Amino acid sequence: MRVVAVAGAKGGVGKTAAAVNLAMVASAAGYRTLLWDLDPQGAATHCYRARARVKGGATRLLGGKRGLDSYIRSTDHVRLDLLPADPSFRVVDTVLSSRRWPDRVIRKLLRPLDRSYDVVILDCAPGLGIVTESVVAASDLVLVPVVPAPLSVRSLEQLQAFIDEHRPGLPLLAFLSMLDDRKVLHRQVVGQLQGDPRVALSAVPVSSAVERMGLEQVPAVLASPLNLAAVAYRRLWAEVEDRLDLDAPSGSVIDLTGPAAPSDGSARPEAPLLSVDQPPVA
Ligand SMILES: Nc1ncnc2c1ncn2[C@@H]1O[C@H](COP(=O)(O)OP(=O)(O)OP(=O)(O)O)[C@@H](O)[C@H]1O
Ligand SMILES: [Mg+2]
């Protein structure tokens, strides 16, 4: 079982959008996948049409008396389960700080699920608190969306410093999120990040298909599989597989892209690639 955390100090940058779509892509590719919504806002839970409530709240869930499996719900999708959010996760740092080893809590809770899931995706609330310490201690990879703006790049460095302090050596994979390559500033940030081995080649463009997820409660990779953002999430998952040395499981795979080419005869769309389509701006 591999644990991928989608985290970062900054809010509203596309963490939940990535967690929701990557969970769908992973499960369709054959991985038994658990999406754990650690954010009291419950946006990932909402996207999978579930109620953001956990019996007993954060205190009982993190208390560990009952296994996580008793809180997990199935979704409408094969191989994809959900551990929903709860509003009490607002005080998760306080709950954790009352424990003897706060940083070990999430890892210990996930351990018994090792045989049930191939991939666990943690959708984290913004911030770098005690819960993030517990998340990085439990993770094999931290994914961090970077909106192409100077302050977002700064927050990537903050997360890197946090990892260096709490879990040195833990791989971090950043990706550009909500990229609009018509904007000069965006192209400048792309140029700045090009060649940084921590940054994924796949960049998620700004897309109304992603925005609609909150309304339609269907992941964009499913609702609009040929949309550029959907293409980017599938490529990003391939990069995650690569970083984690995951072998695509044998067994039934669901092709999210449908027929080989759009029925109107047009070519398949190409999502932007960091190193190819985005030349640095002088
Ligand atoms: N690629 C995209 N194109 C357009 N809108 C996007 C894209 N990704 C995310 N959004 C929108 O931006 C907003 C924030 O996205 P999201 O909730 O995924 O961010 P977040 O980092 O999880 O936020 P928070 O820190 O509050 O948890 C949402 O309204 C979402 O629909
Ligand atoms: Mg979120």
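Residues numbered from 1 in each chain as written. Chains lettered and ligands numbered in written order. Predicted model: local features only at pLDDT ≥ 70, side-chain atom pairs only at ≥ 80, totals over all residues. Heavy atoms only, no water.

Draft legend 1. How the structure looks around the overall build of the protein. The helix and strand tally for the protein stands at twelve helices and seven strands. Expected size for 282 residues packed as a compact globule is a radius of gyration near 19 Å; at 18 Å, the protein falls within 12% of this value. Along the first, second and third principal axes, the C-alpha set of the protein runs to 55 × 40 × 35 Å. Out of the 282 residues belonging to the protein, those deemed buried represent 51%. (Helix = DSSP H or I, 4+ residues; strand = E, 2+ residues; numbered from the N terminus. Rg over C-alpha atoms; globule rule 2.2 N^0.38 Å. Buried < 20%, exposed > 50% of the residue type's maximum accessible area, 1.4 Å probe, protein only.)

Draft legend 2. Spatial organisation of the nonpolar core. Membership of the largest hydrophobic core comes to 49 residues, with the highest contact counts inside it found for W36, L110 and L122. Residues in contact with L122, not counting those within four places in the same chain, are V3, V4, A5, V6, W36, L38, V135 and S139. Ranked by size, the runner-up nonpolar core spans 42 residues in total, among them A26, A44, I121 and F175. (Core = buried A, V, L, I, M, F, W, Y, C linked by side-chain atoms within 4.5 Å. Contact = heavy atoms within 4.5 Å.)

Draft legend 3. Representation of the packing of helix α7 (residues 150–166) against helix α8 (residues 184–193) in the model. The interhelical angle for the contact between α7 and α8, taken along N-to-C directions, is 30 degrees, at an axis separation of 10 Å. Judged by the angle between their axes, α7 and α8 are roughly parallel. In this structure, α7 contributes P150, V153 and L156 to the contact, and α8 contributes L185, V189, Q192 and L193. A breakdown of the residues in the contact of α7 with α8 according to their chemical character gives six nonpolar, one polar and no charged. (Axes fitted to C-alpha atoms, helices over the stretch in contact; angles between N-to-C directions. Parallel < 35°, antiparallel > 145°, perpendicular 65-115°, else oblique. Nonpolar A, V, L, I, M, F, W, Y, C, P; charged D, E, K, R; others polar.)

Draft legend 4. Focus on the pattern of salt bridges. Taken as a whole and judged by the stated rule, the model has five salt bridges. For D118, the salt bridge identified is with R32, shortest N-O distance 2.9 Å. Note that D118 is positioned in the loop between α5 (105–110) and β5 (119–123) and R32 in the loop between α1 (15–28) and β2 (33–37), a separation of 86 residues in sequence. Since its relative accessible area comes to 33%, R32 is described here as partly exposed. Between R212 and E216 there is a salt bridge; the shortest N-O distance is 3.3 Å. The class of E216 is partly exposed, set by a relative accessible area of 34%. Through salt bridges with shared partners, one network takes in E157, D196 and R198. (Salt bridge = Lys/Arg side-chain N within 4 Å of Asp/Glu carboxyl O.)

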